[in-house]
Amino acid sequence: MNDDQQRDQSAERFLRLVQQRRRGRLKVYLGLAAGVGKTYRLLQEAHELRAHGVDVVLGYVETHGRPGTVAQLRDLPTVPRKHIFYKGRMLEELDVQGILQRRPSVVVVDELAHTNVPGSENEKRWQDVEQLVRAGISVLTAVNIQHLESLHDQVLRITGTDVTERVPDQVLKQADEVVNVDLTVGELRARLEEGKIYDAAKVPTALQNFFQAENLLQLRQLAVRETANLISRQIETDGGGAAPVAPERRNQDRLLACINANAPAAKEIIRKTSRLADRLSAASWAVLYVQTPRESADRINLATQRHLLNNLQLTTELGGQILRVKATDAVPEILRVAQEKGVTLLICGVTSEKSWWQRLLRPGVTRRLIRSVARSPLDVDVFLVSY
């Protein structure tokens, strides 16, 4: 089967999904980096759906001036963008209300991880997309792997880039279809060198930084693995759609992540727990914050409190449960909650900054917890996240 036939079948499958429900459907094109052809594929599918008589419009498409992508805009109707005046500039955003009034069957919304201009209806574009889907409008969208929330720490270690625009994993998990737009590292770097991705002046810097061959290879592996994980969580239906994994098909693992007010460590622990829960198809996962006297509201500053709340919100966005308790000693409280919730795996952070003699003289909560677990009757394992 050639590429054209595969694309035709993909468009027909999404068309069946669109016709099956009143709630809109969501299809995500996932790529390893800019320039692999996600937007081009979005527009190709829009043309194929139109050829099947589907009412498709463009809500927001970013061509970056690439000739091949610009050429794909031909004959596709567009809902004009919304203009917002911000800091002395007139900026353009997706017009959610305009699309809701137009009510097409399918809308193309590019750049899923984009942060909207202040004054927009929603803070993030993925929230715009969710609003459209809830309203019964199906959406074709695209995002790169480095924007996935739970992968932030891995991407930072791979590329050295702190990606600030991120999409909660739940958005992709709720998608009806996720397609990996793949390109070899050699092909992608060649496209970059030929000026097909960025302006010529930006190419040398890009090649030496984000677009290093080793970086792209690891990002490609992440994209392939993530797509495979998402597909494996879905049950194919007769219509080609997907449903969540049935409860009886999940295992009985229950994960509990333990955090404190250390914001960077907590973020990494939460993201790692989310991915572990997915990989294990766990029955449930939660994040426990034990507020000890040293972290009471009057002893930690407002910035630390704000970061803590953001981390708890991150838990919700990634699909976990939040547990907050107060205790003078975190260790016995963690054991109590673990027993009460039937936890099978504890996830804790451990720092590598202390010397061995500091750890010996002043063992932290994690090391005390490990000792306590070993002495307790609990049937629970401990997973350590180094930070």
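So, how was this worked out
Residues numbered from 1 in each chain as written. Predicted model: local features only at pLDDT ≥ 70, side-chain atom pairs only at ≥ 80, totals over all residues. Heavy atoms only, no water. Helix = DSSP H or I, 4+ residues; strand = E, 2+ residues; numbered from the N terminus. Buried < 20%, exposed > 50% of the residue type's maximum accessible area, 1.4 Å probe, protein only. Contact = heavy atoms within 4.5 Å. Areas by Shrake-Rupley, 256 points an atom, 1.4 Å probe, with all protein chains shown as cover. Pairing = 2+ DSSP bridges. Axes fitted to C-alpha atoms, helices over the stretch in contact; angles between N-to-C directions. Right-handed = clockwise from strand over helix to strand, strands pointing away. Parallel < 35°, antiparallel > 145°, perpendicular 65-115°, else oblique. Nonpolar A, V, L, I, M, F, W, Y, C, P; charged D, E, K, R; others polar. Core = buried A, V, L, I, M, F, W, Y, C linked by side-chain atoms within 4.5 Å. Phe/Tyr/Trp six-rings, centres within 6.5 Å; stacked < 30°, edge-to-face > 60°. Lys NZ or Arg CZ within 6 Å of the ring centre and 35° of its normal. pLDDT = per-residue confidence, 0-100.

**Description of the overall build of the chain**
Here is step 1: If you tally the helices and strands in the chain, you get 15 helices and 14 strands.
Here is step 2: For the chain, the residues scored as buried account for 50% of the 387 residues in total.
Here is step 3: At a minimum sequence separation of 6, the contacts of the chain that also span at least 24 residues come to 72%.
Here is step 4: For the chain, the accessible surface area stands at approximately 19,500 Å², while carbon and sulfur atoms represent 48% of it.

**A short note on the sheet that holds strand β5 (residues 106-109)**
Here is step 1: As summarised here, the arrangement of the five strands in space is β2-β5-β6-β1-β7, forming an open sheet in which the pairing is parallel. For this open sheet the edge positions go to β2 (56-60) and β7 (177-181), each flanked by a neighbour on one side alone. The average angle at which neighbouring strand axes cross in this sheet is 20°, direction not considered.
Here is step 2: Sheet topology note: the strand β1 (residues 26-31)/β7 ladder contains five bridges and is parallel. Looking across to β7, one finds that Y29 is bridged to V179.
Here is step 3: Here helix α2 (residues 38-51) sits on the sheet in contact with β1, β2, β5, β6 (138-144) and β7, set at roughly 165° to β6.
Here is step 4: Packing of helix α5 (residues 125-134) onto the sheet brings it into contact with β1, β2, β5 and β6, and relative to β5 it is tilted by some 175°.

**Brief notes about unusual backbone geometry**
Here is step 1: Non-glycine residue E111 carries a positive phi angle of around 55°.
Here is step 2: As for its position among the elements, E111 is in the loop between β5 and α5.
Here is step 3: In this structure, S281 takes a positive phi of about 50° despite not being glycine.
Here is step 4: Positionally, S281 belongs in the loop between α11 (263-280) and β11 (284-291).
Here is step 5: Assessed through its relative accessible area of 23%, S281 is described here as partly exposed.

**Considering the pairing of β1**
Here is step 1: Across the six residues that make up β1, a large majority, six, are buried.
Here is step 2: Both faces of β1 are covered, namely the face carrying L26, V28 and L30 and the face carrying K27, Y29 and G31.
Here is step 3: Pairing analysis gives six bridges linking β1 to β6, with the strands arranged parallel. Bridged to G31 within β6 is N144.

**A look at the pairing of β6**
Here is step 1: By the criterion of burial, β6 is predominantly enclosed, with seven of the seven residues buried.
Here is step 2: Burial along β6 is two-sided: S138, L140, A142 and N144 facing one way and V139, T141 and V143 facing the other are all buried.
Here is step 3: In the sheet, β5 pairs with β6 via four bridges, with the strands oriented parallel. Of the residues in β6, the one forming a bridge with V109 is T141.
Here is step 4: Each parallel crossover has a hand, and the one from β5 via α5 to β6 is right-handed.

**What to know about the packing of α11 against helix α12 (residues 302-317)**
Here is step 1: The N-to-C vectors of α11 and α12 enclose an angle of 5°; their axes lie 10 Å apart at closest approach. In terms of orientation, α11 lies roughly parallel with respect to α12. Only H307, N311, L314 and T315 of α12 make contact with α11, whose side of the interface consists of A263, A266, K267, I270 and R271.
Here is step 2: The residue makeup of the contact of α11 with α12, split by class, is four nonpolar, three polar and two charged.

**Things to note about the nonpolar core**
Here is step 1: In this structure, L132, L188 and F211 are the most contacted members of the largest nonpolar core, which totals 67 residues.
Here is step 2: Here this core gets five residues from one element, more than from any other, and that element is helix α10 (residues 213-232).
Here is step 3: Each residue touching L132, except ones within four places of it in the same chain, is listed here: L94, V96, I99, L100, V107, V109, I137 and V139.

**Considering the packing of aromatic side chains**
Here is step 1: Overall, the coordinates contain two aromatic pairs when judged by the stated rule.
Here is step 2: Taking 5.9 Å as the distance between ring centres and 85° as the angle between the ring planes, the aromatic pair formed by Y198 and F211 counts as edge-to-face. In this pair, Y198 sits in the loop between α8 (185-193) and α9 (203-208) while F211 sits in the loop between α9 and α10, placing the two residues 13 residues apart along the sequence.
Here is step 3: An aromatic cluster of three or more residues is present, and its members are Y198, F210 and F211.
Here is step 4: The cationic tip of R81 hangs over the ring face of Y60; the distance from NZ or CZ to the ring centre is 3.7 Å.
Here is step 5: Residue placement shows R125 over the ring face of Y60; its charged tip is 3.9 Å from the ring centre.

**As for the packing of helix α6 (residues 152-159) against α11**
Here is step 1: The geometry of α6 relative to α11 is characterised by a closest axis approach of 9 Å and an angle of 110° between their N-to-C directions. Of the possible angle classes, the one that applies to α6 and α11 is roughly perpendicular. Here H152, D153, Q154 and R157 of α6 lie close against α11, whose contacting residues are K267, E268, R271 and R275.
Here is step 2: Tallied by class, residues from the contact of α6 with α11 come to no nonpolar, two polar and six charged.

**Points about the confidence of the model for the chain**
Here is step 1: For the chain, the average pLDDT comes to 88, and 88% of its residues sit at 70 or higher.
Here is step 2: Within the model, the stretch residues 235-249 combines pLDDT values under 50 with 23 contacts to residues more than four positions away or in other chains.
Here is step 3: A low-confidence stretch, residues 355-362 stays under pLDDT 50, and its non-local contacts, those more than four residues away or across chains, total three contacts.

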